[in-house]
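Letter by letter, the chains look like this.
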Amino acid sequence: TQSTRPQRLLSAVQKNATRGDPCSVVRAIDDFCRHKEWAMNVGDEKGCILDSVVSEMNPAAVLELGTYCGYSTVRIARLLPPDAKFITLEFNPGFAAIARQVIAWAGLEEKVQLVEGASGDWIPKIKEQFGIKTFDLVFLDHWKDRYLPDTKLMEECGLLRKGSVLLADNVICPGTPDYLEYIRSSPKYESRYFKSHLEYTKVEDGLEKSIFLG
Ligand SMILES: CCCNc1ncnc2c1ncn2[C@@H]1O[C@H](/C=C/CNC(=O)c2cc(-c3ccc(F)cc3)cc(O)c2O)[C@H](C)[C@H]1O
Ligand SMILES: [Mg+2]
């Protein structure tokens, strides 16, 4: 049977990366996507911006919406302090299975809780299920038309506190116009655009970093 692109990405990790070495996993995926098959990982250029936001915050509780193959999951988890809580939501079982193996190859399975399910179902349950009061950092990288509804849901569920940071991928390409309009005009957020490029290309894209003001 034909393999899928995520399966070929995982094979490239298992072939070219060193078990237990997250940086080699990140490098192997970037090489595969740049030279073999493009895939919608946040990539190395926007990944460096993600790294700097994570490092500067040193977050105790992180939520990722849209695990896909686990590339940004590994990028984030490798920078977290030992007792940090990191939840990543993925509703496609096939991608979740690949991501689990990528995360395990990086040796980070203890630092990540991959929850298989839809953000809309899980966001209201996170407090009681995982004993998390609020998130310090949320990385949005799932379906682009879900950024806004899920942000409003996180607000309603009290998952954001003064200073919580939302970091959104793809605000230019493919684009998240309703989310950008909301977050940039709302008095509840202080927003800043980090100009970059669509992963592995010269096309413009960027990350929007928004601080919740409470
Ligand atoms: C209703 C469920 C919502 N709740 C959900 N709950 C849990 N998991 C969810 C939910 N909604 C989706 N997911 C999962 O997240 C992943 C989805 C990721 C989506 N990402 C893009 O579409 C994109 C496109 C391009 C791009 C740019 C240029 C091009 F030419 C082509 C492609 C670039 C990029 O960087 C991109 O991130 C995964 C595939 C999907 O199963
Ligand atoms: Mg993306």
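Here, the structure is the one placed above.
Residues numbered from 1 in each chain as written. Chains lettered and ligands numbered in written order. Predicted model: local features only at pLDDT ≥ 70, side-chain atom pairs only at ≥ 80, totals over all residues. Heavy atoms only, no water.

A. View of the site of ligand 1. Inspection of the region around ligand 1 gives 23 residues, with Glu90, Ser119, Lys144, Asn170 and Glu199 positioned closest. Here Lys144 contributes a side-chain N or O atom positioned 2.9 Å from an oxygen atom of ligand 1. Starting from 840 Å² of accessible surface for ligand 1 in isolation, the protein chains cover 81%. Among the detected pockets, ligand 1 sits in the largest pocket. Listing elements by their share of the shell around ligand 1, those giving two or more residues are β2 (85-90) and α9 (171-175). Class assignment of the residues belonging to the shell around ligand 1 gives a composition of eleven nonpolar, six polar and six charged. (Near = heavy atom within 4 Å. Polar contact = N/O pair within 3.5 Å; in protein donor to acceptor, adjacent residues only side chain to side chain. Areas by Shrake-Rupley, 256 points an atom, 1.4 Å probe, with all protein chains shown as cover. 1 Å grid on protein atoms, 1.4 Å probe; cavity = no way out; pocket = protein on both sides within 12 Å on 5 of 7 lines; lining within 4 Å. Sits in = over half its atoms within 2 Å of the grid points. Helix = DSSP H or I, 4+ residues; strand = E, 2+ residues; numbered from the N terminus. Nonpolar A, V, L, I, M, F, W, Y, C, P; charged D, E, K, R; others polar.)

B. Spatial organisation of the coordination of the magnesium ion (ligand 2). Asp141 (OD), Asp169 (OD) and Asn170 (OD1) make up the full set of protein donors to the magnesium ion (ligand 2), lying at 2.0 to 2.2 Å. Counting residues between consecutive donors of the magnesium ion (ligand 2) along the chain gives the motif D-x27-D-N. Placement of Asp141 in the loop between β4 (135-140) and α8 (147-156) and of Asp169 in the loop between β5 (160-168) and α9 is noted, with a sequence separation of 28 residues between them. By relative accessible area, Asp169 is classed as buried at 0%. (Donors = N, O, S within 2.8 Å, 3.2 Å for Na, K, Ca; no water. Buried < 20%, exposed > 50% of the residue type's maximum accessible area, 1.4 Å probe, protein only.)

C. View of the nonpolar core. Counting residues in each nonpolar core, the largest one holds 44 residues, and the members touching the most others are Leu9, Val25, Ile29, Val74, Ile76 and Val102. Leaving out residues up to four positions away in the same chain, Leu9 has contacts with Ile29, Phe32, Cys33, Ala39, Asn41, Cys69 and Val102. (Core = buried A, V, L, I, M, F, W, Y, C linked by side-chain atoms within 4.5 Å. Contact = heavy atoms within 4.5 Å.)

D. Looking closely at a nonpolar patch on the surface. There is a patch of nonpolar side chains on the surface, built from Trp38, Met40, Phe91 and Trp143 and spanning about 450 Å² of accessible area. Here Trp143 shows up in the loop between β4 and α8. (Patch = residues over 30% accessible without salt bridge, like charges linked within 9 Å, V, L, I, M, F, W, Y side chains within 5 Å. Salt bridge = Lys/Arg side-chain N within 4 Å of Asp/Glu carboxyl O.)

E. Expanded view of the packing of helix α1 (residues 5-16) against helix α5 (residues 93-105). It is the contact of α1 with α5, at a shortest axis distance of 10 Å, that shows an interaxial angle of 10°. By the criterion of interaxial angle, the relationship of α1 to α5 is roughly parallel. Where α1 approaches α5, its residues Pro6, Gln7, Leu9, Leu10, Val13 and Gln14 are matched on the opposing element by Phe95, Ile98, Gln101, Val102 and Trp105. Among the residues forming the contact of α1 with α5, the class breakdown is eight nonpolar, three polar and no charged. (Axes fitted to C-alpha atoms, helices over the stretch in contact; angles between N-to-C directions. Parallel < 35°, antiparallel > 145°, perpendicular 65-115°, else oblique.)

F. Local environment of the packing of aromatic side chains. Counting across every chain of the model gives six aromatic pairs. Taken together, a centroid distance of 5.0 Å and an interplanar angle of 80° make the contact between Tyr68 and Phe95 edge-to-face. Of this pair, Tyr68 sits in the loop between β1 (61-65) and α4 (71-77) while Phe95 is found in helix α5, placing the two residues 27 residues apart along the sequence. Classification of Tyr68 as buried rests on a relative accessible area of 14%. Ring plane angle 65° and centroid distance 6.3 Å describe the contact between Tyr182 and Tyr189, whose orientation is recorded as edge-to-face. Tyr189 carries the same exposure label as Tyr182, and that label is buried. Each residue in the set Tyr182, Tyr189 and Phe212 is aromatic and connected to the rest through ring pairs, giving one cluster. (Phe/Tyr/Trp six-rings, centres within 6.5 Å; stacked < 30°, edge-to-face > 60°.)

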